[in-house]
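Each chain, written out:
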Amino acid sequence: MSEPPHRRRAHTRTRDLERYAGLFAARTKVMRSSAMRDLMAITARPEVISLAGGLPDTSTFPPQTFAAQMTRIAQESAAEALQYGPTEGFEETVDCIAQVMAAEGMLPDPEDVIVTTGGQQAIDLIAKTLVDPGDVVICEAPTYPGAVPVFCSYQAETIQIECDAEGMRIEELEATLERLDGEGRRPKFVYSVPNFQNPAGVTMSLARRQRLVELARRREMLVVEDNPYGLLRFGGEPLPPLYQLDGGDFVIYVGTFSKILSPGIRLGWMVAPPPVMEKVVLGKQASDLCSSTLTQFFVREYFADGRWREYIASLIEIYRARRDAMVEALRTHFPPEATWTEPEGGLFVWATLPDYIDTEDLLAKALREDVAFVPGRAAYVDGRGHSSMRLNFSNADGDEIREGIRRIGKVIAEQVELYGALTGERPPQPSERRTAEGANVLPFRKTAGGGE
Amino acid sequence: MKVAVLKGGRSLERGVSLRSAARVEDALERLGHEVLPLEADGELVKRLGEERPDVAFVAMHGRGGEDGTAQELLEILGIPFTGPGVAACGRCMDKVLAKHEMRSSGVPTPDWFAFNETAFRELGAADALGALEERLGFPLVVKPSRGGSALGVKFAASWFEVPEALVSAFSYDERVLLERHVEGRELAVSVLGGEPLPVVEAIPEGGDRYDFEARYEIGRTSFVCPAELGEAETAAVTEVALGAYEALGCSGFSRVDLILGEGGPQVLEVNAIPGLTDTSLLPQAAEAAGMSFEQLVERILQLALPVATQG
């Protein structure tokens, strides 16, 4: 997900804010932020080609459909649509959710579903419900950058498990769990984005899905499956969600309408076992009482005509072409030492540069060329990821993507050449370029300072 | 008075500038001035010409606003402005130039070498790096010459970390400096109209380097003001800070960053237009001197006006 638009004035009354410093809760000290946010503020300049956001393309949603739906809501259900709704969400919304989940082979009990304000609120409610300060939460390395501040704000100790082309390395997860056993600690949950992961773009293999679910059952350990992109597949065969493999005993499922319909309606959902759900509902009551009634009516209207799958199909065609444009541009413009993932769906490519390039510094250089990306550190809690970057292909057209990648390639080439001049190392020549297939393996960095 | 607040711009410190400007605008309003917020974009000169403010409050940091560019325009337009003039801004912005000026004026600053990117790309300067260990020792600090805050500043603990640090620093400027790392307390002396304000000490939490994150984030670095220094230490630090302020030709206000090590205070850099955000050091120093933020803003404004009209 992406940064909200920058406000013109940071505070309307900033009067001596430092005087409030002593009032801040301890958890605000671990909230990450700032320097990058300042840099990202610059990416909002209109001349910048931003491959940094995580925005779906909402430009092809038919305005007539939008207008017709809202008109119908106004004419037929104005009072109800303007009223509060149930905390769990309307039954009709849950019916729509059931249709979406069925499209991926899942048949949840409607009683286990709660409508949330985006998938982000689901992650927040899960952490709020389960995490005490100091508790262990496990996630992928790299992980969804928007999950990091959630775990941090509940003061979780976040442990990240390396990913490769098949997703989270379950062996490493098992070793970590055993180490935690030895310390008498039990993680509250394992958070994973198994399909076209944000940011890495990789998909967890079937074998690993099965092992993860087995592990969860054997250890009675909760797994949070965050699946915003599952239906946005443009290549390869769909794989069963963890929720389907597990049957919903130990897998909490998080879904969203953001990427298949609109992030502006702020509607997502969670499916959880009843005892967990009971606490989550209380948490949601405290947070916002209920998610938007108006946009739930919008979803209901939208699903009524049955064309939601056609719209997703049209998005898939657009995104596939953009993914192809990005991968092709990467092959042309990135240096031979760079590697990147070639996702079969979703919104992101994850590229990794030579170790000596710090992508935060590279971003400063790239911004002078009017192009932006997300530096890899944002996807780690421990400072790793410094030579990687997340590139979004859903919210720029093919020409912008090609030009953006060309510009990033140019600043990388300058860094590579400079490093060569500094160390006397001859940069690899184009003839030594690895084949594109070789790029399937992710050279995710190990812990800083080397070693596993 | 009609006060234009110049803010934003394309510098990497745009976000900081917007936060500084927001506070300044609020203070100016409370002081009863007519506030004209102006984004530093393609319309700036036109707007200034149309609006003819009595004075411009330059709340910009980094390139474009702190390097003399905006000040030059304001001089051409004949609009008085806050903070140092064109030449001082140019000297402060360029750390290498500033260090030369300070050294020739007898202001202590850590030893350094400076390199242009061209020297490495075309003249084989890498071969000269061997002399670093002997002359500067490790660890050393690698910095872009013209860079705001701590962006692109890296520590190199050994020879092997130097090339990577140089690549980072060169991301911000074509000229970088390698500076001897001086172990010591991190101090800042804000100077207001030639008068030093109480010394601020920055104490990074959890052993963090004093980096860009920490510098602008509440809770990551704690600040003590006035710093706990002996009388003689305070006098030495203040004297060195004023020396730097004068050596670089500053006026209005500026902030001098120093390290107090075993060999006495040494100046790292002078910020021509220090931040005025909620976590910035100048407002903290002013408060320690008994000035509210409004009083500070009013004083900065007065210093900008021609002597005859200063109240």
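Residues numbered from 1 in each chain as written. Chains lettered and ligands numbered in written order. Predicted model: local features only at pLDDT ≥ 70, side-chain atom pairs only at ≥ 80, totals over all residues.

*Asks:* How should I be thinking about the overall build of chain B in this particular structure?
*Replies:* When helices and strands are counted, chain B shows 12 helices and 13 strands. By the compact-globule yardstick of 19 Å for 311 residues, chain B fits well, its C-alpha radius of gyration being 19 Å. C-alpha atoms of chain B, sized along the principal axes, occupy 60 × 50 × 35 Å. By the burial criterion, 54% of the 311 residues in chain B qualify as buried. (Helix = DSSP H or I, 4+ residues; strand = E, 2+ residues; numbered from the N terminus. Rg over C-alpha atoms; globule rule 2.2 N^0.38 Å. Buried ≥ 20, exposed ≤ 12 C-beta atoms within 10 Å, placed from the backbone.)

*Asks:* It is not clear to me how the domain arrangement of chain B should be interpreted in this structure. Could you clarify?
*Replies:* One frequently used descriptor of interface size is the decrease in accessible area upon assembly of the parts. All names here are of chain B. The assigned domain composition of chain B is domain 1 (2–82), domain 2 (91–108 + 183–300) and domain 3 (112–180). In this structure, domain 1 and domain 3 have C-alpha centres spaced 33 Å apart. Listed per partner, the contact involves seven residues of domain 1 and four residues of domain 3. (Domains from an automatic or database assignment. Contact = placed C-beta atoms within 7 Å.)

*Asks:* What exactly am I supposed to notice about the confidence of the model for chain A here?
*Replies:* Detailed reading of predicted coordinates is not advised where the pLDDT is low. All names here are of chain A. Chain-level pLDDT for chain A is 88 on average; 86% of the residues reach the 70-or-more range. This model gives residues 1–16 a pLDDT under 50, and the stretch forms 22 contacts once residues within four places in sequence are excluded. Throughout residues 429–452 the model reports pLDDT below 50, and contacts reaching past four residues in sequence, or to other chains, amount to 30 contacts. (pLDDT = per-residue confidence, 0-100.)

*Asks:* Can you walk me through the pairing of strand E12 (residues 253–261) of chain B in this structure?
*Replies:* The side chains of a regular strand alternate, residue by residue, between the two faces of the sheet. All names here are of chain B. Burial analysis of E12 places eight of its nine residues in the buried class, which makes it a mostly covered element. Here strand E8 (residues 185–192) pairs with E12 via eight bridges, running antiparallel. Residue pairing in the sheet places Ser190 in a bridge with Arg255 of E12. Bridging between E12 and strand E13 (residues 264–271) involves seven bridges; their strand directions are antiparallel. In the sheet register, Arg255 faces E13, and the bridge partner there is Asn271. Count of turn residues in the E12/E13 antiparallel hairpin: two residues. (Pairing = 2+ DSSP bridges.)

*Asks:* Looking at this structure, how should I read unusual backbone geometry?
*Replies:* Most of the time, phi is negative for any residue but glycine, and the peptide bond is trans. Between Ala141(A) and the following residue, Pro142(A), the backbone shows a cis peptide bond with an omega angle of 0°. Residue placement: Pro142(A) occurs in the loop between strand E3 (136–141) and helix H6 (147–153). Going from Phe138(B) to Pro139(B), the amide bond is cis rather than trans, its omega being 0°. Even without being a glycine, Leu289(A) presents a positive backbone phi close to 65°.

*Asks:* Would you mind going over the domain arrangement of chain A with me for this structure?
*Replies:* Residue and element names in this part refer to chain A. Here chain A is described as being made up of domain 1 (20–60 + 311–440) and domain 2 (83–304). Each of domain 1 and domain 2 has a C-alpha centre, and the two are 26 Å apart. Counting residues at the interface gives 33 residues for domain 1, matched by 32 residues for domain 2. Where the side of domain 1 that touches domain 2 is concerned, the elements lending two or more residues are helix H12 (308–333) and strand E11 (348–352). At six residues, the largest contribution of residues to the side of domain 1 that touches domain 2 is made by H12.

*Asks:* Got a minute to help me understand the environment of Pro63(A) in this structure?
*Replies:* Residue and element names in this part refer to chain A. Inspection of the secondary structure assignment puts Pro63 in helix H3 (residues 63–81). On the basis of neighbour count, Pro63 is assigned to the exposed category, with 7 C-beta atoms found within 10 Å. Sequence-wise, Pro63 and Asp226 are 163 residues apart; in three dimensions their C-alpha atoms are separated by 30 Å.

*Asks:* Quick question: what am I supposed to make of helix H11 (residues 293–304) of chain A here?
*Replies:* Since there are 3.6 residues in each turn of an α-helix, residues three or four apart along the chain are aligned in direction. Residue and element names in this part refer to chain A. An ideal rise of 1.5 Å per residue puts 16 Å on 12 residues; H11 measures up with 17 Å between its terminal C-alpha atoms. Buried residues of H11: Thr295, Gln296, Phe297, Phe298, Val299, Glu301 and Tyr302, and no others. Of the surrounding secondary structure, the elements contacted by the buried residues of H11 are H3, helix H4 (91–102), strand E2 (113–116) and H12. Positioned one or two residues after H11, Gly306 has a phi angle of 75°, which is positive. (Expected span 1.5 Å × (residues − 1).)

*Asks:* What's the story with H3(A) in this structure? I'm lost.
*Replies:* With 19 residues, H3(A) should cover 27 Å at 1.5 Å per step; its first-to-last C-alpha distance of 20 Å lies more than 12% under that length. When the local axis directions of H3(A) are compared, the greatest deviation, roughly 70°, occurs at Gln75(A). (Bend = angle between axes of the 7 residues up to and from the residue.)

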